[in-house]
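Reading the structure
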Amino acid sequence: MDVEAARFIGAGLATMALIGAGIGIGIVFGNFLSGALRNPGAAAGQTTNLLLGFALCEATGLFGLVVALIILFG
Amino acid sequence: MAAGPMEQFEVHAIVPLEIGGIDISFTNSSLWMCIVVVAISLFFTIAASSRSIVPSHMRSLAEISYNFIADMIRSAAGSDGLRFFPFIYALFMFVLFANVFGLIPFIHAFTVTSHIIVTLTLALVVFTMVIVVGVLKHGFRFLKLFVPDVPWYMLPLLTLIEVISFLSRPLSLSVRLFANMLAGHIMLTVFGGFVVSLAAAGGALSFLSIAPMLGIIGVSALEFLVAFLQAYVFAILTCIYLNDALHLHEHH
């Protein structure tokens, strides 16, 4: 197989890490919403944790994207 | 004009300098770091110079950001973490301004933090500071950080896992910031390419070029949020790592 073709296939496969990121972000925000709708008064105090959880989850997915970019452009 | 999405990240020298074979040119990266530092200094100079009883807008912004970071440090690292407030505040402000300035259109703005070497340097500074603070405060008892409170037969494996996860902290800290900035800017460039190619295709497709344009507007809004969020996450993770070094496994 051509090196270029293998590169593109590898980069495409590496972006599948973002499936996990999408699911994880959905879980974080979904749980926050279900908790916030039960107890709206306590929701405001947890926005810090919400954003922290979102950023950490997104970061893990983006680690996979970085591998894809390294394969494509490295 | 058919530049790929990676061309915006190229570092080129503006003033080539060299000392003993080492290239220390003043690059566009250095230029934007200087712009960031000058902007932060200007912001605080103007904010602090107002003497009226009712604070001006910039003074309010400065005080809000000050309290925001002070509260974050107090909650994440405790009151004795406030000794590190200048360091963490400077780190937060630098990363925030560097992220946001990369989003300015039209002037070919260069995002300082979109290079792994910049974010790795910042992360290594944090990591080194955490180790130095921990060792200075606790001496060799600092190594107890890697020994969790578990039965003896699980200790070898868990200590190894703890050490590996501790050593991966600067890596994850740097790659998180780098990957977010890189991905955001690549996405913006790729959408821009879509607008151009749809508009150039002519005919009925030219009207469809409004769709990627709306995409760019949405992604830019997301990127401003991500710029602020990544600066905040960098700062709060620094506080959490400091807390680990200052208070080894103590529960408040």
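Residues numbered from 1 in each chain as written. Chains lettered and ligands numbered in written order. Predicted model: local features only at pLDDT ≥ 70, side-chain atom pairs only at ≥ 80, totals over all residues.

Next up on the list: the overall build of chain B. From N to C terminus, chain B includes 7 helices and 4 strands. The dimensions of chain B, computed from C-alpha atoms along their principal axes, are 75 × 55 × 45 Å. The 252 residues of chain B split such that 26% are buried. (Helix = DSSP H or I, 4+ residues; strand = E, 2+ residues; numbered from the N terminus. Buried ≥ 20, exposed ≤ 12 C-beta atoms within 10 Å, placed from the backbone.)

Each pair of packed helices can be described by the angle between their axes along with the distance between the axes. Residues and elements named next belong to chain B. Running from amino to carboxyl end, helix 4 (residues 116-138) crosses helix 5 (residues 155-200) at an angle of 145°, the nearest separation of the two axes being 8 Å. Crossing of helix 4 against helix 5: the hand is right-handed. Residues Ile116, Thr119, Leu120, Ala123, Leu124, Val126 and Phe127 of helix 4 touch helix 5, and the partners they reach there are Arg169, Pro170, Leu173, Ser174, Leu177 and Phe178. By residue class, the composition of the contact of helix 4 with helix 5 is 10 nonpolar, 2 polar and 1 charged. (Axes fitted to C-alpha atoms, helices over the stretch in contact; angles between N-to-C directions. Left-handed = near helix turned anticlockwise from the far one by under 90°. Contact = placed C-beta atoms within 7 Å. Nonpolar A, V, L, I, M, F, W, Y, C, P; charged D, E, K, R; others polar.)

Another point: the environment of Leu182(B). Within the element layout of this structure, Leu182(B) appears in helix 5. Classification of Leu182(B) by C-beta neighbours within 10 Å gives buried; the count is 23. For the pair Leu182(B) and Ser114(B), spaced 68 residues apart in sequence, the C-alpha to C-alpha distance is 5.3 Å. Residues within four places of Leu182(B) in sequence aside, it is in contact with Leu69(A) and Ser114(B).

With that out of the way, let us pick up the interface of chain A and chain B. Contacts between chain A and chain B engage 10 residues on the former and 11 residues on the latter. Its residues assigned to classes, the side of chain A that touches chain B comprises 10 nonpolar, no polar and no charged.

Turning our eyes to something else, we now look at the packing of helix 2 (residues 57-77) of chain B against helix 7 (residues 210-246) of chain B. All names here are of chain B. Two elements in contact, helix 2 and helix 7, have axes separated by 8 Å at closest approach and are oriented at 35°. Remark: the crossing between helix 2 and helix 7 carries right-handed chirality. Contacts from Ile69, Met72, Ile73, Ala76 and Ala77 in helix 2 reach Ala235, Ile236, Cys239, Ile240, Leu242, Asn243 and Leu246 in helix 7. Split into classes, the residues belonging to the contact of helix 2 with helix 7 amount to 11 nonpolar, 1 polar and no charged.

Right, let's get into unusual backbone geometry. Residues and elements named next belong to chain B. At Phe106, a position not held by glycine, the phi torsion is positive, near 75°. With respect to the secondary-structure elements, Phe106 resides in the loop between helix 3 (85-101) and helix 4. Here Phe106 falls in the exposed class, since 5 other C-beta atoms lie within 10 Å of it. In this structure, His108 takes a positive phi of about 50° despite not being glycine. For His108, the position within the fold is in the loop between helix 3 and helix 4.

Next up on the list: the nonpolar core. By size, the foremost hydrophobic cluster in this structure holds 48 residues, and its most contacted members are Phe92(B), Val95(B), Ala231(B), Phe234(B), Ala235(B), Ile236(B) and Cys239(B). Of all the elements in the fold, those that place two or more residues in this core are helix 4 (47-73) of chain A together with helix 2, helix 3, helix 4, helix 5 and helix 7 of chain B. Sort the elements by how many residues they give to this core and helix 7 of chain B lands first, with 13 residues. With residues up to four places along the chain from it excluded, the contact list for Ile236(B) reads Leu52(A), Met72(B) and Ala76(B). (Core = buried A, V, L, I, M, F, W, Y, C linked by C-beta atoms within 7 Å.)

Turning to the environment of Phe110(B), a few remarks are in order. Residues and elements named next belong to chain B. Assignment of secondary structure puts Phe110 in the loop between helix 3 and helix 4. In this structure Phe110 comes out as buried when scored by C-beta crowding, with 24 C-beta atoms within 10 Å. Between the C-alpha atoms of Phe110 and Glu10, which are 100 residues apart in sequence, the distance is 8.8 Å.

This prediction gives chain A a mean pLDDT of 91; 100% of its residues lie at or above 70. Here helix 4 of chain A stands out as the element of chain A with the lowest mean pLDDT, 89, in contrast to helix 2 (residues 17-38) of chain A, whose mean of 95 is the highest. (pLDDT = per-residue confidence, 0-100.)

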